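# Architecture at a glance
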Amino acid sequence: MRHHYTLFIYILAALSLTSCKDDFDINKIQSNPKLILYCMPTVGDTTVIRLTRSLPVNTKGSITPVTTAHVDYTVNGKEAEIINMGDGTYKAVAHQQVGDHIHIAAHADSLPVASASTTILDAITIDNPSVKKVHLYSNYEEQAEDFYQITATFTDPGDTKDYYAVQLVSAIITHKGGILTGTDAEGEAPSDDTDKTDTTESVRHIYLDSEPLLSGLGQIDYDFGYDDNDYEHFYVFTDDDINGKTYTLHLNVWYEPGQETVKLPDGSMSSQLVSPYYRVILYHITPEFYHFVHSIGSLDNNDLAKAGLSNIAPSYGNVKGGIGMTAGYHKTKTKWARYEEIIQTWK
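Residues numbered from 1 in each chain as written. Predicted model: local features only at pLDDT ≥ 70, side-chain atom pairs only at ≥ 80, totals over all residues. Heavy atoms only, no water.

## Observations regarding a nonpolar patch on the surface
Together, Ile-83, Met-85 and Val-93 make up an exposed nonpolar region whose accessible area comes to about 210 Å². Along the chain, Met-85 falls in the loop between β6 (81-84) and β7 (89-96). Looking at Met-85, the relative accessible area reads 42%, which means it is partly exposed. (Patch = residues over 30% accessible without salt bridge, like charges linked within 9 Å, V, L, I, M, F, W, Y side chains within 5 Å. Areas by Shrake-Rupley, 256 points an atom, 1.4 Å probe, with all protein chains shown as cover. Salt bridge = Lys/Arg side-chain N within 4 Å of Asp/Glu carboxyl O. Helix = DSSP H or I, 4+ residues; strand = E, 2+ residues; numbered from the N terminus. Buried < 20%, exposed > 50% of the residue type's maximum accessible area, 1.4 Å probe, protein only.)

Structure, rendered in structure tokens:
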């Protein structure tokens, strides 16, 4: 593990900063309360808007939901119906499709008007994944480990600058009215058809050693207090290195085999090791969405900044007159896939 390196760097940085002048001015971030607006529109008929009230520095209390706001939400200039859910959540009811321009303006009490705009992006097709077992050196663990490697291929449009995010989801399924053993229902993959089974999904942490699009970190970065933790297992990247190309993502997750017995077509029985089922979700996101998530991830992954030994960059936002983010996206899901390895057969 790398923790002993990080402690050494903390001590070194502290010694080097003893003669430095910190020009951080707390007055620069003191202000009156503002609306905090978050909204992530995509293709569909209902969009959730979340409004809270900011808390200035040196003020006691907590951020509170804004339940009495007036919200204007337009799709290509046409007003949408707004439903106030009463807890700081508002729903805009309007059909949205690729290319639509979204504008939001929120008014509440004596707070300044908060407004933002975004666009609904198109979907990027991604092929169904494959899963294999690999034995790889991990920079984070500083030793070779077993992983499942999930690969999936997509093609980046060549005529635009594009921003993406990827998530990896695993699934355990149960029959209606009963719990199944392992991660498999009589050899059937999880299905989005819920008539027969219930699917419990988990978004997984991805080990990034095999995927250069998602990780620019090497051992020296870990030693200086940087990490490759993600923001809510939501990994962002750009098409800077793949513009117009077909590219295969290599996503590693921890090796956690299960075991099951199945009947083969020739009538014999087989005992096999199996992984959970996995699917890849590819998000096509706006530049604002990318910069927002990237700024949060950069702060969270910098141990030196969290210890007060380096500058903390503020998180990105695009809300005028307020705080927060309004950013469009479009997501594409693959089908489910898993790894299977026969370890014994018998009649």
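Next comes the rest of the description.
## What to know about the sheet that holds strand β11 (residues 143-155)
With antiparallel pairing, 3 strands are arranged side by side in an open sheet as β10-β11-β15. Looking along the sheet, the strands with just one partner apiece sit at the ends: β10 (130-138) and β15 (246-254). If you compare each strand with its neighbour and ignore which way they point, the axes differ by 40 degrees on average. Strand direction decides the pairing type here: β10 and β11, joined by 9 bridges, are antiparallel. Counterpart to Tyr-137 in the pairing with β11 is Ala-144. (Pairing = 2+ DSSP bridges. Axes fitted to C-alpha atoms, helices over the stretch in contact; angles between N-to-C directions.)

## Here's the deal with the packing of aromatic side chains
Per the counting criterion, the structure on display carries 15 aromatic pairs. Where Tyr-38 meets Phe-292, the ring centres are 5.8 Å apart and the plane angle is 50 degrees; that geometry is what we call tilted. Here the residue Tyr-38 occupies a position in strand β1 (residues 35-39), and Phe-292 occupies one in helix α3 (residues 287-300), the gap between them amounting to 254 residues. Plain terms: the ring middles of Tyr-164 and Phe-237 are 5.2 Å apart, the flat faces sit at 20 degrees to each other, and that makes the pair stacked. Taken together, the residues Tyr-164 in strand β12 (residues 163-175) and Phe-237 in strand β14 (residues 235-238) connect sequence positions 73 residues apart. (Phe/Tyr/Trp six-rings, centres within 6.5 Å; stacked < 30°, edge-to-face > 60°.)

## What about the pairing of strand β18 (residues 277-285)?
The element β18 is largely enclosed, with a buried count of 9 among its 9 residues. On β18, burial covers both faces: Tyr-277, Arg-279, Ile-281, Tyr-283 and Ile-285 on one face and Tyr-278, Val-280, Leu-282 and His-284 on the other are all buried. Pairing analysis gives 5 bridges linking β18 to strand β20 (residues 329-333), with the strands arranged antiparallel. Of the residues in β20, the one forming a bridge with His-284 is His-330.

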